[in-house]
Amino acid sequence: MLRETLHRYVRERLVPLEDQVAREERIPDEVIAEFRDMGLFGLTLPAEYGGLGLNMSQEVELVMELTWTSAAFRSLVSMNLGVGSHAILMDGTQEQRHRWLPDLASGKVIAGFALTEPDSGSDSAALRTRAVRDGDHYVLNGSKRFISNAPLAGLFTVMARTSPERLPGNAHVSAFLVPADTPGLRVGEKDRKMGHSGAATADVYFDNVRIPASALLGGVEGRGFVSAMKALDRGRVNISALCVGQGKRILHEMLRYATERKQFGKPIAEFQLLQAMFADSKTDLYAAECMVRDTARRRDAGERISLEASCCKLFASEMVGRIADRCIQVYGGAGYMQESRVERFYRDVRLFRIYEGTSQIQQLVIAKELLKTFEAF
């Protein structure tokens, strides 16, 4: 029922707002309120914290519905139902869970996940933000870059060094739960991006930010990197579902235009060279959708999915880029104009090969996992 409701809501309510969101670079407050009423911020959080308690398989089905429209709408809720909440759910103390998860599930608090830094993107364990113990507190200093939802966030999960040396297992990295209104925390100006308009990102700065020791995720130093990687496994499957949803929309726009546009006295959809693009796009989509559903099923069964999540992220993000490129080719000059929605989709999907692990990082993860389990015979 929720999927059917979301299917109608996306097409009737969100699609007509796409141009406005891109132009104003913000999601209207009334839409955020509607998201709260629908429970979209707490889809995957347990009912005891006010969420809907959906499993991964159910989550990806809803993400594929939600992302038939601008990816900015999914970006708004993604941190609350993904890395911004599940690090707390998986590794937080009972006190931390009860303090933050109900507000995240309701959307009262928007989450931000502060990992990336100016000098540590793909090499996330090389971060420089420091957390120094001072009695019953820690003092944070440093900066984070490209943090999703930063201008809206009420809570940041911040990865910081608690040891000056790089330790085995990246045990020098710890995670902290830092409210956005903590003195010394400052959010920079919204980033001006190539695409993904309406999905706000910004730098976050920490200048002698003093937080209680109880803000340490799980109450134990050295577990931040592990928490981040576990949350990113789930996040990569979520992004893969996003790629499928966007791919379906772009293929729809491609087919619609091709059946309406006429050349040489007939719709261009009748030209076989274009039909090959339709067929390749549908095949790509079907493969990605099967991968996403299978990986979600494996996670729900309790399997470790680092390998499968990276396979999904690599294939799906590259796949949607190919479909967007074909769509521009089918549109021709009309697709290159900013008045065209497909031009915006083309710019938007380029990001998917970069964030939450570039395609090259996914290749390294896949190869590393393969070599772990390889057996000569």
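None of the values given here were measured: they were computed from a predicted structure.

## A short note on the pairing of strand β4 (residues 155–161)
In terms of burial, β4 is largely enclosed, as 7 of its 7 residues are buried. Of the strand pairs in this sheet, strand β1 (residues 111–114) and β4 are connected by 4 bridges, and their pairing is parallel. Looking across to β4, one finds that A114 is bridged to V158. Here β4 pairs with strand β5 (residues 173–179) via 7 bridges, running antiparallel. Across the sheet, the residue bridging to A160 is S174, located in β5.

## Comments concerning the environment of A213
The topology assignment puts A213 in the loop between β7 (201–212) and α8 (224–260). Measuring from C-alpha to C-alpha, the distance between A213 and R133 comes to 8.0 Å, with 80 residues separating the pair along the chain. Among all residues touching A213, those that are not within four sequence positions of it are R133, D136, H137 and Y138.

## Details of the environment of D134
You can see D134 is positioned in strand β2 (residues 130–134). Judged by its relative accessible area of 38%, D134 is partly exposed. Linking D134 and R353, residues 219 residues apart in sequence, is a C-alpha distance of 40 Å. Setting aside residues no more than four positions away along its own chain, D134 makes contact with V139 and R210. Polar side-chain contacts of D134 include one of 2.8 Å to the side chain of R210.

## Observations concerning the packing of helix α1 (residues 2–14) against helix α4 (residues 56–66)
Closest axis-to-axis distance for the α1/α4 pair is 9 Å, and the angle between their directions is 15°. Overall, the two elements α1 and α4 adopt an arrangement that is roughly parallel. Seen from above, α1 lies across α4 with right-handed handedness. Residues L2, R3, L6, H7, V10, R11 and L14 of α1 form the contact with α4, whose participating residues are E61, L62, E65 and L66.

## Here we look at the packing of aromatic side chains
In total, this model carries 6 aromatic pairs according to the counting rule given. When the centroid spacing of 4.0 Å and the interplanar angle of 15° are considered together, the rings of Y257 and Y331 count as stacked. Linking Y257 in helix α8 with Y331 in helix α10 (residues 306–331), this pair joins segments that are 74 residues apart in sequence. Here the two residues Y257 and Y331 agree in accessibility, since each one is buried. The interplanar angle of 15° and the centroid separation of 6.0 Å between the aromatic rings of F352 and Y355 together place this pair among those described as stacked. You can call F352 buried: its relative accessible area is 0%. By relative accessible area, which is 16% here, Y355 ends up buried. What links up through ring pairs into an aromatic cluster is the set Y9, F35 and F73. The residue whose ring lies beneath R322 is F315, and the NZ or CZ to ring-centre distance is 5.6 Å. Seen from the ring of F345, R344 lies directly overhead, with NZ or CZ sitting 5.7 Å from the centre.

## Observations regarding the nonpolar core
I250, M319, V330 and F352 are the most contacted members of the largest nonpolar core, which totals 41 residues. Looking at this core, the elements that each hand over two or more residues are α4, α8, α9 (272–300), α10 and α12 (341–349). Apart from the residues lying within four places of it in its own chain, the contact partners of I250 are V320, I323, A324, C327, F345 and V349. Listed in part, the 27 residues of the second largest apolar core include A87, F113, M159 and V173.

## Digging into the pattern of salt bridges
Enumeration according to the criterion identifies 33 salt bridges in this entry. Measuring nitrogen to oxygen at the nearest pair gives 2.6 Å for the salt bridge that ties R347 to E343. Taken together, the residues R347 and E343, both in helix α12 and 4 residues apart, mark about one turn of the helix. A residue is classified by how much of its surface remains accessible, and E343, at 11% relative accessible area, is buried. Shared partners join several salt bridges into a network, and the residues in it are E18, D19, R249, E253, R256, E260, R341 and R344.

Calculation rules
- Residues numbered from 1 in each chain as written.
- Predicted model: local features only at pLDDT ≥ 70, side-chain atom pairs only at ≥ 80, totals over all residues.
- Heavy atoms only, no water.
- Buried < 20%, exposed > 50% of the residue type's maximum accessible area, 1.4 Å probe, protein only.
- Helix = DSSP H or I, 4+ residues; strand = E, 2+ residues; numbered from the N terminus.
- Pairing = 2+ DSSP bridges.
- Contact = heavy atoms within 4.5 Å.
- Polar contact = N/O pair within 3.5 Å; in protein donor to acceptor, adjacent residues only side chain to side chain.
- Axes fitted to C-alpha atoms, helices over the stretch in contact; angles between N-to-C directions.
- Parallel < 35°, antiparallel > 145°, perpendicular 65-115°, else oblique.
- Left-handed = near helix turned anticlockwise from the far one by under 90°.
- Phe/Tyr/Trp six-rings, centres within 6.5 Å; stacked < 30°, edge-to-face > 60°.
- Lys NZ or Arg CZ within 6 Å of the ring centre and 35° of its normal.
- Core = buried A, V, L, I, M, F, W, Y, C linked by side-chain atoms within 4.5 Å.
- Salt bridge = Lys/Arg side-chain N within 4 Å of Asp/Glu carboxyl O.

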